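Next come the chains, spelled out residue by residue.
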Amino acid sequence: MQKLAIQGGTPLRGEVRISGAKNAALPIMCASLLSSDALQLSNMPDLHDVATMRKLLEQMGVKAAIQGSEMTLSGAHIDKLEAPYEMVKTMRAAVLVLGPLVARFGEARVSLPGGCAIGSRPVDLHIKGLQAMGAVISIEHGYIHAQVPAPGRLKGAHFFFDMVSVTGTENLMMAATLADGVTVLENAAREPEVMDLAHCLIAMGAKIEGAGSDTIRITGVAKLHGATHRIMPDRIESGTFLVAAAATRGSVMLHNTRADILETVLEKLQEAGAHIRMEGDGIHLDMAGPLKSVNLRTAPYPAFPTDMQAQFMALNTIALGSAMMVETIFENRFMHVQELRRLGAQIDIEGNTALVRGVEQLEGATVMATDLRASASLVIAGLVAQGETIIDRIYHLDRGYEHIEAKLSQLGANIRRLK
Ligand code: EPZ
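None of the values given here were measured: they were computed from a predicted structure.

S.K.: Which residues make up the nonpolar core, and what are the values?
M.R.: Counting 79 residues, the largest nonpolar core has Val 97, Leu 154, Met 173 and Leu 201 as its most contacted members. With six residues, the top contributor of residues to this core is helix 1 (residues 22-30). Excluding its chain neighbours within four sequence positions, the residues that come into contact with Leu 201 are Ala 31, Leu 34, Met 173, Met 174, Thr 177, Ala 206 and Ile 208. If you look at the next biggest cluster of nonpolar residues, it comprises 69 residues, including Leu 254, Leu 285, Leu 296 and Leu 383.

S.K.: Just give me the short version of the site of the ligand, but keep the residues and values in it.
M.R.: Residues in contact with the ligand amount to 22 residues; listed here are only the nearest, Asp 124, Ser 165, Thr 167, Asp 307 and Ile 329. Contacts to the ligand include Val 166, whose backbone N or O atom sits 2.8 Å from an oxygen atom. If you list the elements that add at least two residues to the shell around the ligand, you get helix 1, helix 5 (124-132), helix 6 (166-176) and helix 12 (372-384). At three residues, helix 5 tops the list of elements feeding residues into the shell around the ligand. Here the residues of the shell around the ligand are counted per class, giving ten nonpolar, five polar and seven charged.

S.K.: Tell me about the packing of helix 10 (residues 309-317) against helix 12, residues and numbers included.
M.R.: At a minimum axis separation of 7 Å, helix 10 and helix 12 run at an interaxial angle of 20 degrees. The angle between the axes of helix 10 and helix 12 places the two elements in the roughly parallel class. Note on packing geometry: the crossing formed by helix 10 with helix 12 is right-handed. Seen from helix 10, the contacting residues are Ala 310, Gln 311 and Ala 314; seen from helix 12, they are Arg 373, Ala 374, Ala 376, Ser 377, Ile 380 and Ala 381. Grouping the constituent residues of the contact of helix 10 with helix 12 by class yields six nonpolar, two polar and one charged.

S.K.: Please give an account of unusual backbone geometry that cites residues and values.
M.R.: The residue after Ala 150, namely Pro 151, is reached through a cis peptide bond having omega 5 degrees. Of note, the phi angle at Asn 187 is positive, near 60 degrees, even though the residue is not glycine. With a relative accessible area of 23%, Asn 187 lands in the partly exposed category.

S.K.: Account for helix 11 (residues 335-342), naming residues and giving values.
M.R.: Along helix 11, the residues classified as buried are Met 335, His 336, Val 337, Glu 339 and Leu 340. The inward-facing, buried residues of helix 11 contact helix 10, strand 20 (346-350), strand 22 (366-368) and helix 12. At the C-terminal side of helix 11, Gly 344 shows a positive phi close to 105 degrees.

S.K.: Which residues make up empty space enclosed by the protein, and what values go with them?
M.R.: All chains considered together, the criterion is met by two cavities of 30 Å³ or more. Approximately 40 Å³ is the volume found for the largest cavity. Lining the largest cavity are Thr 240, Phe 241, Ala 244, Ala 376, Val 379, Ile 380, Ile 404 and Leu 408. If you list the elements that add at least two residues to the lining of the largest cavity, you get helix 8 (235-247), helix 12 and helix 14 (404-410). Computed from the structure, the second largest cavity encloses a volume of approximately 30 Å³. What lines the second largest cavity is simply Ser 19, Gly 20, Pro 45, Leu 47, Asp 234, Glu 237, Gly 400, Tyr 401 and Glu 402. Considering only residue class, the lining of the second largest cavity consists of three nonpolar, three polar and three charged.

S.K.: If you had to explain the environment of Arg 13 to someone new, which residues and values would you point to?
M.R.: Here Arg 13 shows up in strand 2 (residues 13-17). Taking relative accessible area as the criterion, Arg 13 reaches 48% and is therefore assigned partly exposed. Along the primary structure Arg 13 and Leu 285 are separated by 272 residues, whereas in three dimensions their C-alpha atoms are 9.8 Å apart. In contact with Arg 13, other than residues within four places in its own chain, are Arg 249, Gly 250, Ser 251, Val 252, Gln 410, Leu 411 and Gly 412.

S.K.: Any details on the pattern of salt bridges? Residues and values, ideally.
M.R.: Under the defined criterion, the tally for this structure stands at 19 salt bridges. Residue Lys 268 pairs with Glu 271 through a salt bridge whose shortest N-O separation is 3.3 Å. You can see Lys 268 and its partner Glu 271 sitting in helix 9 (residues 263-271), three residues apart, about one turn around the helix. On the basis of relative accessible area, Lys 268 is assigned to the buried category, the value being 18%. With relative accessibility at 42%, the residue Glu 271 sits in the partly exposed group. In this structure, Glu 405 and Arg 417 form a salt bridge, with 2.6 Å as the shortest nitrogen-oxygen distance. A residue pair is termed long-range when its members are at least 10 positions apart, and Glu 405 in helix 14 and Arg 417 in strand 24 (residues 414-418) qualify at twelve residues. A relative accessible area of 16% means that Glu 405 is categorised as buried.

S.K.: An account of the sheet that holds strand 19 (residues 322-326) is needed here, citing residue identities and associated values.
M.R.: Read from one edge to the other, the open sheet built from four strands follows the order 18-19-21-20, with strand pairing classed as mixed. On the outer flanks of this sheet lie strand 18 (296-297) and strand 20, each paired with one strand and no other. Here strand 18 pairs with strand 19 via two bridges, running parallel. For Leu 296, the partnering residue across the bridge sits in strand 19 and is Met 325.

Parameters at a glance
- Residues numbered from 1 in each chain as written.
- Predicted model: local features only at pLDDT ≥ 70, side-chain atom pairs only at ≥ 80, totals over all residues.
- Heavy atoms only, no water.
- Core = buried A, V, L, I, M, F, W, Y, C linked by side-chain atoms within 4.5 Å.
- Buried < 20%, exposed > 50% of the residue type's maximum accessible area, 1.4 Å probe, protein only.
- Helix = DSSP H or I, 4+ residues; strand = E, 2+ residues; numbered from the N terminus.
- Contact = heavy atoms within 4.5 Å.
- Near = heavy atom within 4 Å.
- Polar contact = N/O pair within 3.5 Å; in protein donor to acceptor, adjacent residues only side chain to side chain.
- Nonpolar A, V, L, I, M, F, W, Y, C, P; charged D, E, K, R; others polar.
- Axes fitted to C-alpha atoms, helices over the stretch in contact; angles between N-to-C directions.
- Parallel < 35°, antiparallel > 145°, perpendicular 65-115°, else oblique.
- Left-handed = near helix turned anticlockwise from the far one by under 90°.
- 1 Å grid on protein atoms, 1.4 Å probe; cavity = no way out; pocket = protein on both sides within 12 Å on 5 of 7 lines; lining within 4 Å.
- Points joined across faces, edges and corners; volume = space filled by probe spheres on them.
- Salt bridge = Lys/Arg side-chain N within 4 Å of Asp/Glu carboxyl O.
- Pairing = 2+ DSSP bridges.

Structural data, given as structure tokens:
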């Protein structure tokens, strides 16, 4: 089990390059199942989850070629329509092969994703949507088995999401591209990663209108062809580095990112006292004055992203004042709280609300990562704590942050990976 050792107290200063978005790359990789032509992707992040998704697609017959941050995927010789439990249990996003497989081949067997640390995370809406499009779905021995009755083509449907679901929207949007007729998705997720997937599908010949709004209209076509697509920047990696810079009272410049997909995060950072400046493909943050506590409430895009809640909690633990933080998306996304308390944070939880009272100083300690964004929160806390912090189980971190200790060292952090 690898660990990170961090000596806190150094303000982050300098420039860092943001990688492609994990949550855009994963659904877009699954889009390769929709066509027998090659899908050429650039700005791909080097992440554990991307490697897992590649292996999952390869065991189905997808050919993958990687050259640095370029990846070419070809779905010409798919010979297995199954996503096995061993691969799905480590990465819930594997459920994103379901829509494409059913749409192109009329059948799929995908392991039900287990729960995870942050919540039960069911996929009932993915299933209901495919049923609305004509798939017959049974759950057998922990697997979702979907079949489309002869002639084996999904039909366009009008589907209302009774909860906003990012991967639910992505799964059904991909399935609808090859369905017979028009599909309308209501109360669809508006996340930028959904839009990035739509842009890629449109480049492959799909007919999609309204991606990025809460109503997406897809007119099915007979076939999709190959395309080239550049993965959008990772807004959560961007937000994480900006919060780390603010918490350590530093001054950093992020390159290869975008400010228009981070509005609520940038607003909260300014409320905390940071000075933010946009420069071309970059965002500059300078934290000179006092750090102020910020209240926040997570909700679907364009509201404050749940994937940034844990990082802001680390900032609030050492800010002036108290903050109310409400998590409305997942039922158990406060796993980082008990670890932050080990570093001296003052946090009380009442249901889905955390009250964080800022303290003068955190004290380094040994803590344990429990999920991807919780581990980012512990890194930020370690960067500001006095003394050494050891973070265990950092495989969670490697799932979603590319070479994080190298990027942080580049900004002056005293951080090293312990084998
Ligand atoms: C995506 O997960 C992201 N993952 C998550 O990022 C992110 O936290 C989440 O969206 C919310 O923004 C990827 O894009 C790969 P949801 P997803 O379906 O799609 C409930 C990270 O850190 N729900 O939008 O799984 C669900 O339980 C990860 O990168 C149902 O009830 O999330 C949750 O409470 C963590 N039934 C809420 O909806 C369903 O069929 C939102 O979930 C689907 C979802």
